[in-house]
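# Architecture and fold: a report
Next come the chains, spelled out residue by residue.
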Amino acid sequence: AQSVTQLGSHVSVSEGALVLLRCNYSSSVPPYLFWYVQYPNQGLQLLLKYTTGATLVKGINGFEAEFKKSETSFHLTKPSAHMSDAAEYFCAVTGYNFNKFYFGSGTKLNVKP
Amino acid sequence: DAGVTQSPTHLIKTRGQQVTLRCSPKSGHDTVSWYQQALGQGPQFIFQYYEEEERQRGNFPDRFSGHQFPNYSSELNVNALLLGDSALYLCASSGQVAYGYTFGSGTRLTVV
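Residues numbered from 1 in each chain as written. Chains lettered and ligands numbered in written order. Predicted model: local features only at pLDDT ≥ 70, side-chain atom pairs only at ≥ 80, totals over all residues. Heavy atoms only, no water.

### Topic: the interface of chain B and chain A
Quoted interface sizes are often the accessible area lost when the parts come together. Test applied: The criterion used for residue contact is that any of the two residues' heavy atoms lie within 4.5 Å. The term buried area means the drop in 1.4 Å probe accessible area that two parts suffer when joined, counted for both and summed. Salt bridge, as applied in this entry: a Lys or Arg side-chain nitrogen positioned within 4 Å of an Asp or Glu carboxyl oxygen. Polar contact is defined as a pair of N or O atoms within 3.5 Å, subject to the rule that within protein one atom must be able to donate a hydrogen and the other to accept it, and that residues adjacent in sequence are counted only when both atoms are side-chain atoms. Strands are runs of DSSP state E lasting at least two residues, helices are runs of H or I lasting at least four, and both sets are numbered from the N terminus onward. Ten residues, namely Ala, Val, Leu, Ile, Met, Phe, Trp, Tyr, Cys and Pro, are considered nonpolar, four, namely Asp, Glu, Lys and Arg, are considered charged, and the remaining ones, Gly among them, are considered polar.
On the chain A side, the residues contacting the 20 residues of chain B number 18 residues. Between chain B and chain A, the buried area comes to about 1,500 Å², and carbon and sulfur atoms account for 56% of it. At the boundary of chain B with chain A, the tally comes to zero salt bridges. Along the contact surface separating chain B from chain A lie three residue pairs in polar contact (both at pLDDT 80 or more). Broken down by secondary-structure element, the contributors of at least two residues to the side of chain B that touches chain A are β4 (31-37), β5 (44-50), β6 (53-57), β9 (87-94) and β10 (101-103) of chain B. Per element, the largest residue contribution to the side of chain B that touches chain A is three residues, and it comes from β6 of chain B. Residue composition of the side of chain B that touches chain A, grouped by class: eight nonpolar, nine polar and three charged.

Below, the structure is given as structure tokens:
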């Protein structure tokens, strides 16, 4: 079985501040982990993914995430927030064959000027 | 190269009616999955189609059914619509693992 928990349904940061969005997963098989971003009234856009190999993965728009197996975590970070980062972010887990994605409930990021 | 295409983008239906949503996968992808995203929630897996067969199904009632055509495109059908079926319905396509997993922009269904 697989599941994802995202701590904090709403996160607010100032422009230029560090962004940290938390994701913990549960998986009975080696996990493939993803972060997606969703802007209002739009679909899901892939930010980054971890499948195998390097545990620190870099994505688009300056985001990165680190897979920590011992902590079952895959937190998303960005050193300096931009106003355009305001959106909802979803963490997801699946297995190697992409049969089914399990999503967290999402974290809405607000960026203050 | 077009990504995943979904139609229509928006739809309003009345309780008890039936609806069909359509999805064309990304070029090179042969597997289609459908997700329901209710307001304020993360997407929930409905089912996945591969080689025109339902390969896996989530926890959704039989009112939700699907089909995959030889060209890999897919339809999601929902019968006897309920107010609670109002949601964004997302289609995702995939192929060999290395090709990734791509989501469409979704169909917003409103049941009144």
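Having seen the model, we can carry on.
### Re the nonpolar core
What counts is decided by this rule: Only buried residues count toward a nonpolar core. Its members are Ala, Val, Leu, Ile, Met, Phe, Trp, Tyr and Cys residues joined through side-chain atoms within 4.5 Å. In this scheme, a residue with accessible area under 20% of its type's maximum is buried, one over 50% is exposed, and one in between is partly exposed, where area comes from a 1.4 Å probe on protein chains only.
Judged by nonpolar contacts, the single largest core of 26 residues is most densely connected at Trp 35, Leu 47, Leu 48, Phe 74, Leu 76 and Tyr 89 of chain A. Residue assignment for this core shows that the elements contributing at least two residues are β2 (10-14), β3 (19-21), β5 (32-38), β6 (45-50), β8 (64-68), β9 (73-78), β10 (87-94) and β12 (107-112) of chain A. Ranked by the residues each element gives to this core, the list is headed by β10 of chain A, at four residues. In terms of nonpolar packing, the next biggest core, distinct from the first, is built from 19 residues, Leu 21, Tyr 49, Cys 91 and Leu 109 of chain B among them.

### Some details on the sheet that holds strand β8 (residues 74-78) of chain B
All names here are of chain B. We apply this condition: DSSP calls a pair of strands paired once it identifies at least 2 bridges connecting them. For every element, the axis is a line fit to its C-alpha atoms; helices are fit only across the contacting stretch, and the angle between N-to-C directions ranges from 0 to 180 degrees.
An order of β1-β3-β8-β7 is seen for the four strands of this open sheet, with the pairing classed as antiparallel. With partners counted over all chains shown, the strands left at the sheet margins are β1 (5-7) and β7 (64-68), one partner each. Strand-to-strand twist across the sheet, computed as the mean angle between neighbouring axes with direction ignored, equals 20°. In the sheet, β7 pairs with β8 via five bridges, with the strands oriented antiparallel. Counterpart to Gln 68 in the pairing with β8 is Ser 74.

### Looking at the packing of aromatic side chains
To be explicit about the condition: Stacked, edge-to-face and tilted are the three classes for Phe, Tyr and Trp ring pairs, Trp counted by its six-membered ring, which pair at centre distances within 6.5 Å; planes under 30 degrees apart are stacked, over 60 edge-to-face, the rest tilted. We call a charge positioned above a ring when the Lys NZ or Arg CZ atom is no farther than 6 Å from the ring centre and deviates by at most 35 degrees from the ring normal.
Tallied over the entire structure, the rule returns 18 aromatic pairs over all chains. Between Phe 34 of chain A and Phe 101 of chain A, the ring centres sit 4.8 Å apart and the planes meet at 45°, which makes this aromatic pair tilted. One end of the pair, Phe 34 of chain A, is in strand β5; the other, Phe 101 of chain A, is in the loop between β10 and β11 (102-103), with 67 residues separating them in the sequence. Taken together, a centroid distance of 5.8 Å and an interplanar angle of 85° make the contact between Phe 103 of chain A and Tyr 35 of chain B edge-to-face. One end of the pair, Phe 103 of chain A, is in strand β11; the other, Tyr 35 of chain B, is in strand β4, on a second chain. Here the aromatic cluster, defined as three or more aromatic residues joined through ring pairs, consists of Phe 34, Tyr 36, Phe 101 and Phe 103 of chain A together with Tyr 35, Phe 45, Tyr 101 and Phe 103 of chain B. The ring of Tyr 50 of chain B is capped by Arg 55 of chain B, whose NZ or CZ atom sits 4.6 Å from the centre of that ring.

### As for the side chain of Asp 85 of chain B
Residue and element names in this part refer to chain B. Residue position: Asp 85 is located in the loop between β8 and β9. Only 2.8 Å separates the side chain of Asp 85 from the backbone nitrogen of Leu 82, close enough to count as a polar contact. Setting aside residues no more than four positions away along its own chain, Asp 85 makes contact with Gln 36, Arg 63, Phe 64, Val 78, Ala 80, Leu 109 and Val 111.

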